[in-house]
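A structural walkthrough
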Amino acid sequence: MKGYDEEKVLSVHHWTERLFSFRTTRSPSFRFDNGQFTMIGLAVNGKPLVRAYSVASPNYEEHLEFLSIKVPDGPLTSKLQNMQVGDTVLIGQKPTGTLVLDALLPGRNLYLLGTGTGLAPYMSLVRDPDVYARFEKVVLVHGCRFIKELAYHDYLTKELPNDEFLGEDVRAKLLYYPTVTREPYENTGRITTAITSGDLTKKLGLPAIDPAQDRVMICGSPAFLEDVKALMLSMSFEEGATNKPGSFVIEKAFVQR
Ligand code: A2P
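Structural notes, computed from the coordinates.

Cut-off values and rules
- Residues numbered from 1 in each chain as written.
- Predicted model: local features only at pLDDT ≥ 70, side-chain atom pairs only at ≥ 80, totals over all residues.
- Heavy atoms only, no water.
- Pairing = 2+ DSSP bridges.
- Helix = DSSP H or I, 4+ residues; strand = E, 2+ residues; numbered from the N terminus.
- Axes fitted to C-alpha atoms, helices over the stretch in contact; angles between N-to-C directions.
- Near = heavy atom within 4 Å.
- Areas by Shrake-Rupley, 256 points an atom, 1.4 Å probe, with all protein chains shown as cover.
- Polar contact = N/O pair within 3.5 Å; in protein donor to acceptor, adjacent residues only side chain to side chain.
- Contact = heavy atoms within 4.5 Å.

With respect to the sheet that holds strand 11 (residues 248-252)
Read across the sheet, five strands follow the order 9-8-7-10-11 without closing on themselves; strand pairing throughout is parallel. For this open sheet the edge positions go to strand 9 (174-180) and strand 11, each flanked by a neighbour on one side alone. The mean angle between the axes of side-by-side strands here comes to 10 degrees, regardless of whether they run parallel or antiparallel. Pairing between strand 10 (residues 215-220) and strand 11: five bridges, direction parallel. Of the residues in strand 11, the one forming a bridge with cysteine 219 is glutamate 251.

A word on the site of the ligand
Near the ligand, the surroundings consist of Thr115, Gly143, Cys144, Arg145, Thr181, Arg182, Arg190, Thr192, Ala223, Phe224 and Asp227. Considering the ligand on its own, with 550 Å² of exposed area, one finds that the protein chains cover 81% of that surface. When contributions to the shell around the ligand are tallied by element, the ones reaching two or more residues are strand 8 (137-144) and helix 8 (222-234). For the shell around the ligand, the element with the most residues is helix 8, which contributes three residues.

Side note on the side chain of glutamate 7
If you trace the backbone, glutamate 7 turns up in strand 1 (residues 4-16). Of the polar contacts made by the side chain of glutamate 7, one reaches the backbone nitrogen of serine 27; its length is 2.9 Å. Residues in contact with glutamate 7, not counting those within four places in the same chain, are Thr24, Thr25, Arg26, Ser27, Asp87, Thr88, Val89 and Ile91.

Side note on the sheet that holds strand 1
Read from one edge of the open sheet, six strands run 4-3-6-1-2-5, paired in antiparallel fashion. Looking at strand neighbours, the two that pair on one side only are strand 4 (47-54) and strand 5 (64-69), the edges of this open sheet. Strand-to-strand, the axes of this sheet are offset by a mean angle of 40 degrees, without reference to chain direction. As judged from the six bridges shared by strand 2 (residues 19-24) and strand 5, these two strands associate in the antiparallel manner. By the bridge assignment, phenylalanine 20 is partnered in strand 5 with serine 68.

Honestly, that's just the spatial picture; any functional story needs more than this.
Here's what the structure looks like:
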């Protein structure tokens, strides 16, 4: 189909009854910056039925990975969630997006703030060696309602720190702060509260977040984006874009409903 690569599903992982991830083959011509999204979907009656998805895999991998919620009556996700290994998916040939390193000024610590499937672009970025080369610490903050929704938790805490190539950087620089809001856990409460109370930096042993030195990426639901953006602006952070890098960047997590 014009504008799309037709790729094969390599594996599917169901995290919860509402959350799954899948891997596909990747065309050698498909190039993207870590943190970007592209249109993903299925051919339905000869037409593309697609939604925007962040690429969750890093751009040096041979395959592509995506994280999706299952929307009960969602035209696309109600079909996608039944995908099987070997099925064909459409992958848009023009990835884009603002959650990229080049949209941020150089800085000290990089904060990656995400709720729900807003984690996806960060799964690409925390596997990018350039991220570790540019920042002293990389702080991945993932907020969900329930513990079981903390996708990739075991990968982030057990596998990635032992990765043959990235392990050393990850152990030295990556700080992971999972938090849930609707049951007891090691960290509880909204990301916004963890920032305003200072608990986030206190618990991680970091200096207070400083717009002059620190950089922030934000990805989640519209309500989350609105609140974090207001918070960033109140702290004197300035929104960036690739044509004018700033101290924070923002993107909605796609396929909310
Ligand atoms: P809460 O349980 O207090 O609503 P959702 O599934 O609704 O997108 O929520 C994912 C996570 O993001 C939940 O932990 C939720 O907390 C949190 N959240 C939702 N809206 C906001 C917001 N405006 N600011 C900060 N966190 C939010």
